[in-house]
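Examining the three-dimensional arrangement
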Amino acid sequence: MEAILGAAQSLVNFLFLVVILGTAGFSWWLSTKYRERYAEFPWKKAGIIIGIEVLGWIGFNIFWSWVKYNWWIVIIFVVIIIVVLKKRKS
């Protein structure tokens, strides 16, 4: 079970990396477009967005390390959610 959860964590970490690098790359590209029009790019807002993404990445890793060692609690919660959703549909 730990191997599956470790692989899932690696995949999500890669996706976080792609999103953060994509945001930084897009901000840089957009800043060159702004510079062509003699406008100033809002680097402060871009920095805040990247900071939120990094904090989300850190929060995910903290949460996922807890899930890796308490995976049975997560399974119980998933079963409870499925039961509650099935009762609502009826």
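All figures in this text were calculated on a predicted structure; none of them were measured in a lab.

**Topic: the overall build of the protein chain**
- A tally of regular secondary structure across the protein chain gives three helices and zero strands.
- Going from N to C terminus, the protein chain has its helices and strands arranged as α-α-α.
- The globule rule puts the C-alpha radius of gyration for 90 residues at 12 Å, and the 20 Å found for the protein chain is more than 25% above it.
- Across its three principal directions, the C-alpha atoms of the protein chain cover 60 × 35 × 15 Å.
- Expressed as a percentage of its 90 residues, the buried residues of the protein chain come to 19%.
- Considering only contacts within the protein chain whose residues lie at least 6 apart along the sequence, 70% involve residues at least 24 apart.
- Carbon and sulfur atoms provide 74% of the accessible area of the protein chain, an area that totals close to 7,300 Å².
- The average position of the 10 basic charges and that of the 4 acidic charges among the side chains of the protein chain differ by 14 Å.

**What about the packing of aromatic side chains?**
- Counted by the stated rule, this structure contains seven aromatic pairs.
- What links up through ring pairs into an aromatic cluster is the set Phe16, Trp57, Phe60 and Trp64.

**Topic: helix H1 (residues 2-36)**
- For H1, built from 35 residues, the straight-helix expectation of 51 Å at 1.5 Å per residue is met to within 8% by its first-to-last C-alpha distance of 51 Å.
- Of the residues making up H1, those classed as buried are Leu5, Gly6, Gln9, Asn13, Ile20, Thr23, Ser27, Ser31 and Thr32.
- Buried residues belonging to H1 abut helix H2 (43-69) and helix H3 (71-89).

**Here we look at the environment of Ile76**
- Here Ile76 shows up in helix H3.
- Between the alpha carbons of Ile76 and Ile48 there is a distance of 37 Å; along the sequence they are 28 residues apart.

**As for a nonpolar patch on the surface**
- A contiguous nonpolar surface patch, about 1,100 Å² in accessible area, is contributed by Met1, Ile4, Trp71, Trp72, Ile75, Ile76, Phe77, Val79, Ile80, Val83 and Val84.
- A total of nine residues in the nonpolar patch trace back to one element, the largest contributor, which is H3.
- With respect to the element layout, Ile4 can be found in helix H1.

**A word on the side chain of Thr23**
- Structurally, Thr23 is set in helix H1.
- Using a relative accessible area of 19% as the deciding quantity, one classes Thr23 as buried.
- At 3.0 Å, the side chain of Thr23 and the side chain of Glu53 are in polar contact.
- Among all residues touching Thr23, those that are not within four sequence positions of it are Ile49, Ile50 and Glu53.

What counts as what
By convention here, each chain's residues receive numbers from 1 onward along its written sequence. Owing to the predicted nature of the model, reporting of local features is limited to residues with pLDDT of at least 70; listing and counting of side-chain atom pairs is limited to 80 or more, with chain, interface and lining totals taken over all residues. With hydrogens and water set aside, each side-chain value is computed from the structure's full complement of heavy atoms. Secondary structure elements are defined from DSSP: runs of H or I of at least 4 residues count as helices, runs of E of at least 2 residues count as strands, and each element is numbered from the N terminus. It is over C-alpha atoms that the radius of gyration is taken, and the globule rule equals 2.2 Å times the number of residues to the power 0.38. The rule is simple: take the accessible area with a 1.4 Å probe, protein chains only, and divide by the maximum for that residue type; under 20% is buried, over 50% is exposed, in between is partly exposed. In this analysis, two residues are considered to be in contact whenever any of their non-hydrogen atoms come within 4.5 Å of each other. Working definition of accessibility: Shrake-Rupley area with a 1.4 Å probe, residue cover restricted to the visible protein chains. Under the convention used here, Asp and Glu are negative, Lys and Arg are positive, and both His and the chain ends fall outside the count. Positions of charges follow a simple convention, taking NZ of Lys, CZ of Arg, CG of Asp or CD of Glu. Stacked, tilted and edge-to-face are the three classes applied to pairs of Phe, Tyr and Trp rings, where Trp contributes its six-membered ring and a pair requires centres within 6.5 Å; stacked means planes under 30 degrees apart, edge-to-face means over 60, and tilted covers the rest. The span expected for a helix works out to 1.5 Å for each residue beyond the first. Within this analysis, patches are made of residues with over 30% relative accessible area and no salt bridge. Like charges are joined at 9 Å or less; nonpolar side chains (Val, Leu, Ile, Met, Phe, Trp, Tyr) at 5 Å or less. Any carboxyl oxygen of Asp or Glu within 4 Å of a side-chain nitrogen of Lys or Arg constitutes a salt bridge here. The term polar contact refers here to a pair of N or O atoms within 3.5 Å; inside protein, the definition further demands a hydrogen-donor-capable atom paired with an acceptor-capable atom, and it admits residues adjacent in sequence only when both atoms are side-chain atoms.

By themselves, these are just geometric observations and shouldn't be taken as functional.
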